[in-house]
Amino acid sequence: MADATTRTIRGVCPHDCPDACGWVVTVRDGRAVRLAGDPGHPMTRGFLCQKVARYLERVYHADRLTTPLRRVGPKGSGKFRDITWDEAIAEVANRFQSLVDSPDGPQSILPYSYGGTMGEIQSGSLDRRFFHRIGASLLDRTICATAGTVGCDLTLGTRAFVDPFQVVNAKLILNWGSNTSVTNSHLWALMHEARKTGAVIVTIDPYRSPTAARSDWWIPIRPGTDAALALGMMNVIFRDGLQDQDYIDRYCLGGQELREHVLNNYPLPRVASITGLSENDIEKLARMYATDNPTFLRLNYGLQRHRGGGMAVRTVCCLPSVTGAWKYPGGGALLSTSKNYPWNRAALQRPDLSPPGTRTINMVQLAEALLGELPGPPVRSLYVYNANPASVNPDQNRIIRGLLREDLFTIVHDQFLTDTARYSDIVLPATTQFEHFDILGSYGHLFVQTNEKAIDPIGESKPNTEVFRLLAQAMNLEPELFEITDEGLADIALSGTGAMAGMSRESLRHSGPKRLQLPDMFQPFAEGGFPTPSGKCEFVSDRSAALGFNSLPDYVPPAEDPQTKPELARRFPLQLVTPPLPAILNSTFANVPSLREAAGPQQIELSRSDAESRGLREAMVVRVFNDRGAFQARLSISENVSPGTAVSLGCRWAVDMPDGRNVNATTATTLTDFGGGATFFDNLVQVEEFKPDREASR
Ligand SMILES: Nc1nc2c(c(=O)[nH]1)N[C@H]1C(S)=C(S)[C@@H](COP(=O)(O)OP(=O)(O)OC[C@H]3O[C@@H](n4cnc5c(=O)[nH]c(N)nc54)[C@H](O)[C@@H]3O)O[C@H]1N2
Ligand SMILES: Nc1nc2c(c(=O)[nH]1)N[C@H]1C(S)=C(S)[C@@H](COP(=O)(O)OP(=O)(O)OC[C@H]3O[C@@H](n4cnc5c(=O)[nH]c(N)nc54)[C@H](O)[C@@H]3O)O[C@H]1N2
Ligand SMILES: [Mo]
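Residues numbered from 1 in each chain as written. Chains lettered and ligands numbered in written order. Predicted model: local features only at pLDDT ≥ 70, side-chain atom pairs only at ≥ 80, totals over all residues. Heavy atoms only, no water.

**Some details on helix α5 (residues 146–156)**
Right, so step 1: Burial analysis of α5 places eight of its 11 residues in the buried class, which makes it a mostly covered element.
Right, so step 2: Every buried residue of α5 is listed here: Thr146, Ala147, Gly148, Gly151, Cys152, Leu154, Thr155 and Leu156.
Right, so step 3: Tucked into the core, α5 has its buried residues touching α14 (309–316), β21 (537–538) and α24 (542–546). (Buried < 20%, exposed > 50% of the residue type's maximum accessible area, 1.4 Å probe, protein only. Helix = DSSP H or I, 4+ residues; strand = E, 2+ residues; numbered from the N terminus. Contact = heavy atoms within 4.5 Å.)

**Overview of the layout of surface pockets**
Right, so step 1: A volume near 1,300 Å³ is recorded for the largest pocket.
Right, so step 2: For the largest pocket, the lining is made up of 43 residues, of which Tyr114, Met118, Arg128, Arg141 and Arg345 are closest to its centre.
Right, so step 3: Contributing elements (two or more residues each) for the lining of the largest pocket: β6 (109–113), α3 (120–123), α4 (126–134), β7 (138–140), α5 and α16 (345–349).
Right, so step 4: Partitioning the lining of the largest pocket into residue classes produces 19 nonpolar, 16 polar and eight charged. (1 Å grid on protein atoms, 1.4 Å probe; cavity = no way out; pocket = protein on both sides within 12 Å on 5 of 7 lines; lining within 4 Å. Points joined across faces, edges and corners; volume = space filled by probe spheres on them. Nonpolar A, V, L, I, M, F, W, Y, C, P; charged D, E, K, R; others polar.)

**Observations regarding the sheet that holds strand β10 (residues 217–219)**
Right, so step 1: If you trace the five strands from one edge of the open sheet to the other, you get β10-β9-β8-β12-β13, paired in parallel fashion. Whereas interior strands pair on both sides, the edge strands pair on one side only; in this sheet they are β10 and β13 (332–334). Taken pair by pair, the neighbouring strands of this sheet meet at an average axis angle of 20°, ignoring direction.
Right, so step 2: Pairing analysis gives five bridges linking strand β8 (residues 172–176) to strand β9 (residues 200–204), with the strands arranged parallel. Within β9, the position partnered with Leu172 by the bridge is Val200.
Right, so step 3: Helix-sheet contacts for helix α9 (residues 226–239) involve β8 and β9, and the interaxial angle to β8 is about 150°. (Pairing = 2+ DSSP bridges. Axes fitted to C-alpha atoms, helices over the stretch in contact; angles between N-to-C directions.)

**Some words on the domain arrangement of the protein**
Right, so step 1: Its domain assignment divides the protein into domain 1 (6–59), domain 2 (69–143 + 352–513), domain 3 (147–335) and domain 4 (566–697).
Right, so step 2: For domain 1 versus domain 3, the separation of C-alpha centres amounts to 34 Å.
Right, so step 3: Contacts between the two partners involve 11 residues from domain 1 and, on the opposite side, 12 residues from domain 3.
Right, so step 4: Counting each side, the surface lost to burial between domain 1 and domain 3 is near 860 Å², with a carbon and sulfur contribution of 57%.
Right, so step 5: Where domain 1 touches domain 3, the interface holds one salt bridge.
Right, so step 6: For Glu193, the salt bridge identified is with Arg45, shortest N-O distance 2.8 Å.
Right, so step 7: Inspection of the region where domain 1 meets domain 3 yields six residue pairs in polar contact (both at pLDDT 80 or more).
Right, so step 8: Taken together, the residues that form the side of domain 1 that touches domain 3 break down as seven nonpolar, one polar and three charged. (Domains from an automatic or database assignment. Buried area = accessible area lost by both parts, 1.4 Å probe. Salt bridge = Lys/Arg side-chain N within 4 Å of Asp/Glu carboxyl O. Polar contact = N/O pair within 3.5 Å; in protein donor to acceptor, adjacent residues only side chain to side chain.)

Below, the structure written as structure tokens:
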């Protein structure tokens, strides 16, 4: 029974995950005492994932930052002293003003943010206005999804999407580079419903992930070769006349060219040798895919994180058009639903305030930006919020070298003293989702939700928006741009038209999650209607050619590929894949004790033959290394990987690792073919027994 001081408040999980769960917080005497998935949310259906079920532990963690801090020790020493907000704001505003007025100008200031919160207001509103207004460098937020975004766009003119609830109608479900049971667990629950009525689940992944292990068939593809597999499947489909010629003729561009291309250039022996799969398996998969409609293809991020990631997604996106899968309820492909949300971001973020000609820095190249290797003025100040680049960015050693620069003024706004915060000059304490208001869409469903504030901020922590209000005031910027409440900003975000028509903050507060105004069981491409330049699904793409690539879908080998870079592979023979740990979300939750315990020690999984040929035994401490860096891990000899592939799950905080380095000490800042994305899983390494003496002398 609820007493007078007990309330329940509806909110939304803010984390970077397609599920965007609705939650209900119980607050007693001002303290959150219980958190549960919203039973009324059609996707959440009352359950939260392993991590977010521990959100209370995170909110009330003893290590929460509660006041602003100023560095007192050397950079990176983690020594700070408390200061007041007035002091912190004055110092940041003064530094920013002097950089704006300096010969290097405002572009020497680099804002750096990513997916700490997915809320429209706390992830991209007054922050963007502020940095646009002062003329700071622009940030291209590429670290996760841009390769696939561009790849999809070239083929389909938009993201690949159908209504996720359609999956219950599927006969064949393909998880392609997707650890769905871990990274999208509410879609996995729906996949299971489909399975109960006979659907077969297949997972294409170099790693026997939890999803692969629970699938009917695991296809252990060699990392970075998905385009070749998709082209091989098309070879079988065209060769055997299994394509949907009517769908191709009506709604696709270049059907004849694609047919000749795959028949001439992707014969099965070639595809088998590129992908490491047997011709029989490729043939069987192709036949299942072409004949078991409706086929639901969950296309996720694993295949994007290689040099050819954009082309891989462009290529895989051709498959549902070749077989006409889009026509069937339950058929098609799903990468992201986010494009369906017509948020009024132009009014919210005011990109028009940014001076014309302002340079853009690709966030994957933060190491290069900090080390002065990019064109334009040097980066003299870095303002980090909603992100933890010292843990999650590629080429950790060079990131840290950049962060150690004495002449760099770094500000980190976060809930905790993260790896990145440890290198900063000023630390600002941030609120969690319980402590501020926000409004959220999703990239895995079609609902809009509001997150009501449930408790007062812990200590002196402040939401992102509030910090930019204070900075704008201290720098005498226009009040009409910055003196607006978070609720007022939400009204602007909701003023988009189309699928968002009629949605208001008040109605959302009363109704809870509200679906975008789109047809029931949405199947956008059932009758073509692709928003490409030709209006068709573009097997042949002039835009791809204009970017300097084949106009047809093609296989672009990994940058670090044993087949095409044999000299590099002689020194570093293993393809290392470092996807997320189930108990951690990127680097968030890595400091929550129960989840740290669930994650266990850092492991690396190798096949028996790769372990034995190196004289390595189970549970031995090993050093994983390449020219960029090294980290330590415990060896697990495993059947989850094929010879030549290694898997080590991330991203723990570097400060918790034996040498202060995590998996990203080995990853590269190489960009993907399309979209300038990150290539975390395109990474050759060697593994040897860890010997402390040698390590110390390095
Ligand atoms: N628990 C948890 N959930 C998360 C996250 C998290 O950190 N933890 N992160 C969130 C975020 S930001 C994102 S972007 C999504 C990511 O969601 P997913 O894309 O599902 O996640 P990953 O585990 O990065 O990659 C999926 C799988 O791709 C495999 N893979 C690697 N290389 C290749 C390849 O070349 N080809 C193929 N076919 N597969 C390959 C990996 O082994 C991995 O099992 O998850 C979100 N959800
Ligand atoms: N090796 C390897 N590296 C990877 C990946 C991988 O699979 N392997 N995955 C990549 C992917 S998919 C992604 S998306 C990136 C993720 O990169 P990031 O978005 O940087 O993710 P996190 O490490 O979770 O850091 C988010 C930070 O935001 C903070 N935060 C949360 N809410 C708020 C808030 O309201 N205000 C402020 N100021 N801060 C807040 C959190 O405490 C946390 O420290 O990492 C990438 N890095
Ligand atoms: Mo991501």
